[in-house]
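Summary of structural features
Below, each chain spelled out in residue letters.
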Amino acid sequence: PLCTGKSANQWLQGNPALLNTQCMKDQLGVVPVDTRQHKQWHRFHAFPLTRVVSGHVDEWYLNKHRDMDKLMPDVFDESYNTLLSGVDCCAQDTISFHYVEYMESRALFATREALLKNPYMTDHELKGIMLTEWPAVGKDIGGYSRGLPKETDKEGWKQLLAVMRKMSSRQTQREC
């Protein structure tokens, strides 16, 4: 094999996807790309919406982003090292959230559909839809996710509703 990873540093060896990316680049000339919108907002998320917005992601994920500009300087600049949260967590054309259970996926879809049908609904109406649609029981939420903000968490709701609006505009829709 041309690329076994044995000569890579220990951190890279412990991250198979990144090691694979490096090998494909070095041996096959496949150049990785920064998939963030305007090199700022992520399109692919390793955690569910509620965790990404709140910034409560696992330490391994934060560590994965640190020093990426040094590991792959021709792909990432130093802005990649810091994960954004709140309104800045997600690209307008976000593509996916990982570790999302069935009920949460349905709730996310239903909420986006409601916003697409009525983009002028109030935050109160949007919050009501989310409270109705979103799973509230632990097993329905899933192990990697978190529930919606508490009713009294005004800042948490403000940011979550803003992100839902950002990802649910007509500008995010693509014709097939």
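Our subject is the structure listed above.
Attention here is on the structure that accompanies the text. Everything quoted here is computed from the prediction, not taken from an experiment.

**Overview of the overall build of the chain**
- Regarding its fold elements, the chain presents 9 helices and 2 strands.
- For the chain, the α and β elements follow one another from N to C terminus as α-α-β-α-α-α-β-α-α-α-α.
- The principal-axis extent of the C-alpha atoms belonging to the chain is close to 55 × 35 × 25 Å.
- Taking all 176 residues of the chain together, the buried fraction comes to 39%.

**Structural notes on helix H6 (residues 102-117)**
- Here H6 contains 16 residues, and its C-alpha end-to-end distance of 23 Å stays within 8% of the 22 Å for a straight helix at 1.5 Å per residue.
- Against helix H3 (49-54), strand E2 (96-97), helix H7 (123-133), helix H8 (138-141) and helix H9 (154-167) lie the buried residues of H6.

**Describing the nonpolar core**
- With 25 residues, the main nonpolar core has Leu 49, Met 130 and Met 164 as its most contacted residues.
- Mapped onto this core, the elements with two or more residues apiece are H3, H6, H7 and H9.
- Here this core takes 6 residues from H9, the largest share from any one element.
- Core analysis: the second largest hydrophobic core is formed by 10 residues, Ala 8, Leu 12, Cys 23 and Met 68 among them.

**A few points about the side chain of Lys 166**
- Looking at the secondary structure, you find Lys 166 in helix H9.
- Here Lys 166 is buried and forms no salt bridge, its nearest opposite-charge partner Asp 88 lying at an N-O distance of 5.0 Å.
- Within the local environment of Lys 166, its side chain forms a polar contact with the backbone oxygen of Val 87, the two atoms lying 3.2 Å apart.

**What about the pattern of salt bridges?**
- Tallying each qualifying case throughout the model produces 10 salt bridges.
- Salt-bridge contacts for Asp 93 lead to Arg 43; the nearest nitrogen and oxygen are separated by 3.0 Å. A residue pair is termed long-range when its members are at least 10 positions apart, and Asp 93 in the loop between helix H5 (68-71) and E2 and Arg 43 in the loop between helix H2 (16-28) and strand E1 (44-45) qualify at 50 residues.
- Between Asp 67 and Lys 70 there is a salt bridge; the shortest N-O distance is 3.4 Å.
- The partly exposed category is assigned to Asp 67, whose relative accessible area is 43%.

**Looking at the packing of aromatic side chains**
- Tallying each qualifying case throughout the model produces 7 aromatic pairs.
- Plain terms: the ring middles of Trp 60 and Tyr 61 are 5.5 Å apart, the flat faces sit at 75 degrees to each other, and that makes the pair edge-to-face.
- Chaining the aromatic ring pairs together yields one cluster made of Phe 47, Trp 60, Tyr 61, Tyr 99 and Tyr 144.

**Points about unusual backbone geometry**
- The residue His 38 is not glycine, and still its phi comes out positive at about 55 degrees.
- Relative to the elements of secondary structure, His 38 occurs in the loop between H2 and E1.
- Look at Asp 67: it is not a glycine, yet its phi comes out positive at around 65 degrees.
- Assignment of secondary structure puts Asp 67 in the loop between helix H4 (59-65) and H5.

**Describing the packing of H7 against H9**
- With their axes 11 Å apart at the nearest point, H7 and H9 run at an angle of 90 degrees to one another. When the axes of H7 and H9 are compared, the pair comes out roughly perpendicular. Taken together, the residues of H9 that come into contact with H7 (itself represented by Asp 123, Leu 126, Lys 127, Met 130 and Leu 131) are Trp 157, Leu 160, Leu 161, Met 164 and Arg 165.
- Of the residues belonging to the contact of H7 with H9, the class tally is 7 nonpolar, no polar and 3 charged.

**Some thoughts on H2**
- Between its first and last C-alpha atoms H2 spans 17 Å; for 13 residues at 1.5 Å apiece the expected length is 18 Å, and the two agree.
- Where H2 is concerned, the buried positions are Leu 18, Leu 19, Gln 22 and Cys 23. An end-on view of H2 places all buried positions within 140 degrees of arc, on one side of the element. Along H2, the residues that are exposed and aim more than 90 degrees away from the buried face are Pro 16, Ala 17 and Leu 28.
- Buried-residue contacts for H2 involve helix H1 (10-13), H4 and H5.
- Where H2 ends, the next residue or the one after it, Gly 29, has phi of about 75 degrees, a positive value.

What counts, and at which threshold
Residues numbered from 1 in each chain as written. Predicted model: local features only at pLDDT ≥ 70, side-chain atom pairs only at ≥ 80, totals over all residues. Heavy atoms only, no water. Helix = DSSP H or I, 4+ residues; strand = E, 2+ residues; numbered from the N terminus. Buried < 20%, exposed > 50% of the residue type's maximum accessible area, 1.4 Å probe, protein only. Expected span 1.5 Å × (residues − 1). Contact = heavy atoms within 4.5 Å. Core = buried A, V, L, I, M, F, W, Y, C linked by side-chain atoms within 4.5 Å. Lys, Arg positive; Asp, Glu negative; His and termini not counted. Salt bridge = Lys/Arg side-chain N within 4 Å of Asp/Glu carboxyl O. Polar contact = N/O pair within 3.5 Å; in protein donor to acceptor, adjacent residues only side chain to side chain. Phe/Tyr/Trp six-rings, centres within 6.5 Å; stacked < 30°, edge-to-face > 60°. Axes fitted to C-alpha atoms, helices over the stretch in contact; angles between N-to-C directions. Parallel < 35°, antiparallel > 145°, perpendicular 65-115°, else oblique. Nonpolar A, V, L, I, M, F, W, Y, C, P; charged D, E, K, R; others polar. Arc of directions from axis to C-beta.

Nothing here speaks to function; it is geometry throughout.
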